[in-house]
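Take a look at the letters that make up each chain.
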Amino acid sequence: MESRVKLLPLMLDIRSMGGLFYIPILTMGLSAVYCMLQYSGLDDRYLLPQLRHAMGVLSIPMICIWIIAMFQDYTATEGKETVLALPYPPVRSGMLRVWRMTGLYALLFMMLYVVMAAGLSSAQITVILEDLYVPVISIFLFAGLSFLLIVIFKNPISCYILAGGYALFHYMTRGAYSLGIYPFQWSLPQPYMDSMLCSYMMLAASGVLFTVAQSLFANREFMMR
């Protein structure tokens, strides 16, 4: 069955989120407007760090809204039994959908960041390699966390609170207790932390989160609880 059933259409996932789909996009848009008003004419030496902070601190964790909202039908008390009774392929209905939506979000975020960096710079600005992979890994880390939370707790409100608390904790402590898994190293860097090592740690943590979440999602008895 897994090989015969295709991945659900992207628009179906977007429609399933309802109005929540637009909240992260609105956040990115407001961040861009703030950057245009605040940093227009800023010296290029300080432009990129300010852009990373203004656009990354709020927008990167917002992927949690998409991922949690996408699985509401699998966790809602009413109708959950009907959805889980269908012959859904666990990988295509779970992890692959999360990867697709996360990739779309990362693409939108990076496109906006590059456009803002090029538009606000007074000269030809160089976007370094770190600008391209560190925020994407951070986005996937939050996506993996959200996937695991919604599978375990099966309550969107609780998951939003927990994901927001996780982001706020790291923002307030600036990675002091992150054990190297610091999702804001790009937007609010910890000066004593190596960005490359942090990226490896986040990548490994993302792999663990996705693996555990997918194994639980594939367990129908667990999902029915």
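What comes next concerns the included structure. (Residues numbered from 1 in each chain as written. Predicted model: local features only at pLDDT ≥ 70, side-chain atom pairs only at ≥ 80, totals over all residues. Heavy atoms only, no water.)

1. Brief notes about the overall build of the protein
Piece 1. Broken down by element type, the protein carries 12 helices and 0 strands.
Piece 2. Its helices and strands in sequence order give the protein the pattern α-α-α-α-α-α-α-α-α-α-α-α, from N to C terminus.
Piece 3. When contacts within the protein are restricted to residue pairs at least 6 apart in sequence, long-range pairs at least 24 apart make up 77% of them.
Piece 4. As presented, the protein carries roughly 11300 Å² of accessible surface, and 69% of it is formed by carbon and sulfur atoms. (Helix = DSSP H or I, 4+ residues; strand = E, 2+ residues; numbered from the N terminus. Contact = heavy atoms within 4.5 Å. Areas by Shrake-Rupley, 256 points an atom, 1.4 Å probe, with all protein chains shown as cover.)

2. Quick notes on helix H9 (residues 130-153)
Piece 1. Taking 1.5 Å of rise per residue, the 24 residues of H9 would be expected to cover 34 Å, and the 34 Å separating its terminal C-alpha atoms lies within 8% of that figure.
Piece 2. Here H9 lies mainly inside the structure; 17 of its 24 residues are buried.
Piece 3. Lysine 154 sits one or two residues past H9 and shows a positive phi near 55 degrees. (Expected span 1.5 Å × (residues − 1). Buried < 20%, exposed > 50% of the residue type's maximum accessible area, 1.4 Å probe, protein only.)

3. As for the packing of aromatic side chains
Piece 1. Across all of its chains, the model carries 16 aromatic pairs by this definition.
Piece 2. With a centroid separation of 6.0 Å and an interplanar angle of 45 degrees, the aromatic rings of phenylalanine 142 and phenylalanine 184 are classed as tilted. One end of the pair, phenylalanine 142, is in helix H9; the other, phenylalanine 184, is in the loop between helix H10 (156-173) and helix H11 (195-217), and 42 residues separate them in sequence. For the pair formed by phenylalanine 142 and phenylalanine 184, the shared burial category is buried.
Piece 3. When the centroid spacing of 6.5 Å and the interplanar angle of 50 degrees are considered together, the rings of phenylalanine 147 and phenylalanine 210 count as tilted. Placement of the pair is phenylalanine 147 in helix H9 and phenylalanine 210 in helix H11, with a sequence separation of 63 residues. Per residue, the accessibility class of phenylalanine 147 equals that of phenylalanine 210, and both read buried.
Piece 4. Pairwise contacts between aromatic rings join Phe71, Trp99, Phe147, Phe210 and Phe217 into one cluster.
Piece 5. Its end group placed over the ring of phenylalanine 71, arginine 97 keeps NZ or CZ at 5.1 Å from the ring centre.
Piece 6. Just above the ring of phenylalanine 222 sits the side chain of lysine 154; from NZ or CZ to the centre is 3.9 Å. (Phe/Tyr/Trp six-rings, centres within 6.5 Å; stacked < 30°, edge-to-face > 60°. Lys NZ or Arg CZ within 6 Å of the ring centre and 35° of its normal.)

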